[in-house]
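# Coordinates in review
Spelled out from the first residue to the last, the chains are:
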Amino acid sequence: MDEIIEKTEWDKEKGLIFNIQRFSIHDGPGIRTVVFFKGCPLRCLWCHNPEGQFFKKEMVLWDDRCIGCETCRKVCPDSAVENPENCTFCGKCVEECPAGAREIAGKEMTVEEVMTEIKKDMVFYEESSGGVTFSGGEPLFQSNFLISLLKRCKGEGISTAIETCGYASWDVLLSVIKYTDLFLFDLKLMDEELHKKFTGVSNRIILENLVKLSSNHKNIIIRIPVVPGINDSIENIDKTSEFVLSLGIKEVHLLPFHKGGVEKYRRLRRDYKFVVDSSQGKNGLNLFSEILKGNKINVKIGG
């Protein structure tokens with residue numbers, strides 16, 4: 001059994017969030033507010049939100065904005081500009097930087113603080129049949145905080161969606177079902193060894209959870225990031241299509257690969273190790289779409 005680590009020791013009224021995006025139209029129906037939770041059990045090689053991977057605050061450095069004034073160095077009380085391991089994320093360098101070249105990825109927020117942001121757009125949810133989507137990172141990684149937010153949203157009459165990689169204990173998934181109107185379930189690779197190679201974990205728990213979820217919840221959309229050279233082979237496409245069909249799930253969103261994560265890795269001072277052949281991409285996306293549609297599955301390109 002793979003070890004699943006969830007940050008259940010955190011207080012249910014407090015969580016670590018790295019972004020709240022308003023007016024989104026790609027993360028569920030209607031106009032939505034997307035709350036991005038920090039921390040994820042997967043390490044997908046192509047990840048385009050690396051700032052959401054680790055359950056800790058991180059400093060983001062925008063080299064193209066820096067004007068070399070060294071204000072950050074002067075105001076830092078811990079010499080963390082020279083020695084990043086000393087950083088306590090007090091935020092002084094961020095506040096004082098005249099060029100906006102530094103920011104902190106990750107903010108501790110209470111349920112009330114997040115709900116204040118969510119409720120700002122109530123009128124748009126009502127007009128567009130939208131709502132809130134909890135994404136990440138992986139929202140199930142902070143399950144206590146997630147459940148608190150879901151309950152509050154349902155109490156306010158706000159439609160809820162969870163975007164998840166599915167790598168969590170079944171007990172956690174079961175606990176959020178009755179408060180969740182829609183699951184956006186990521187499905188990356190069917191082969192277990194390839195899944196381990198490219199995401200760092202087995203897909204066994206993910207597939208088992210999806211089977212159980214499909215028997216307990218009828219509003220599931222599968223989201224597949226189509227990554228050239230990784231999951232766009234005929235074999236994986238066929239196996240994915242067969243699996244989705246066997247569950248009775250009728251809608252799949254294919255997410256085109258992009259290199260949006262490259263600059264983010266650089267700003268986090270991490271290496272982006274994924275190399276993609278620029279000649280690959282569209283054919284796999286089109287083939288995926290054709291095979292899924294041939295199996296009477298509704299397909300949408302993009303979120």
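Let us look at the structure shown here.

Right, let's get into the packing of helix α3 (residues 111–119) against helix α5 (residues 143–155). It is the contact of α3 with α5, at a shortest axis distance of 10 Å, that shows an interaxial angle of 45 degrees. In terms of orientation, α3 lies oblique with respect to α5. Between α3 and α5 the crossing geometry is right-handed. Note on element contacts: α5 touches α3 through F145, S148, L149, R152 and C153, opposite V111, E112, V114, M115, I118 and K119.

Here V81 is to be found in the loop between α1 (71–75) and α2 (92–96). Along the chain, V81 and E70 lie 11 residues apart, while their C-alpha atoms are 9.4 Å from each other.

It is worth spelling out the pairing of strand β7 (residues 159–164) at this point. Among the 6 residues that make up β7, 5 are buried, leaving the element largely enclosed by the rest of the structure. With 4 bridges connecting them, strand β6 (residues 131–136) and β7 associate as parallel partners. Residue pairing across strands places G131 opposite S159, the latter belonging to β7. Following the chain from β6 across α5 to the adjacent parallel β7, one finds a crossover that is right-handed.

Before going further, it helps to examine the state of the cysteines. If you walk through the whole model with that rule in mind, you get 0 disulfides. Free cysteine C76: the closest other cysteine sulfur is in C90, separated by 6.0 Å. The class of C76 is buried, set by a relative accessible area of 18%.

Time to look at the pattern of salt bridges. Taken as a whole and judged by the stated rule, the model has 19 salt bridges. Of the charged contacts, one joins K119 and E156 as a salt bridge, the two residues approaching to 3.5 Å between their closest N and O atoms. Highlighted residues: K119 in helix α3 and E156 in the loop between α5 and β7, separated in sequence by 37 residues. A relative accessible area of 32% means that E156 is categorised as partly exposed.

Criteria and thresholds
Residues numbered from 1 in each chain as written. Predicted model: local features only at pLDDT ≥ 70, side-chain atom pairs only at ≥ 80, totals over all residues. Heavy atoms only, no water. Axes fitted to C-alpha atoms, helices over the stretch in contact; angles between N-to-C directions. Helix = DSSP H or I, 4+ residues; strand = E, 2+ residues; numbered from the N terminus. Parallel < 35°, antiparallel > 145°, perpendicular 65-115°, else oblique. Left-handed = near helix turned anticlockwise from the far one by under 90°. Contact = heavy atoms within 4.5 Å. Buried < 20%, exposed > 50% of the residue type's maximum accessible area, 1.4 Å probe, protein only. Pairing = 2+ DSSP bridges. Right-handed = clockwise from strand over helix to strand, strands pointing away. Disulfide = S-S within 2.5 Å. Salt bridge = Lys/Arg side-chain N within 4 Å of Asp/Glu carboxyl O.

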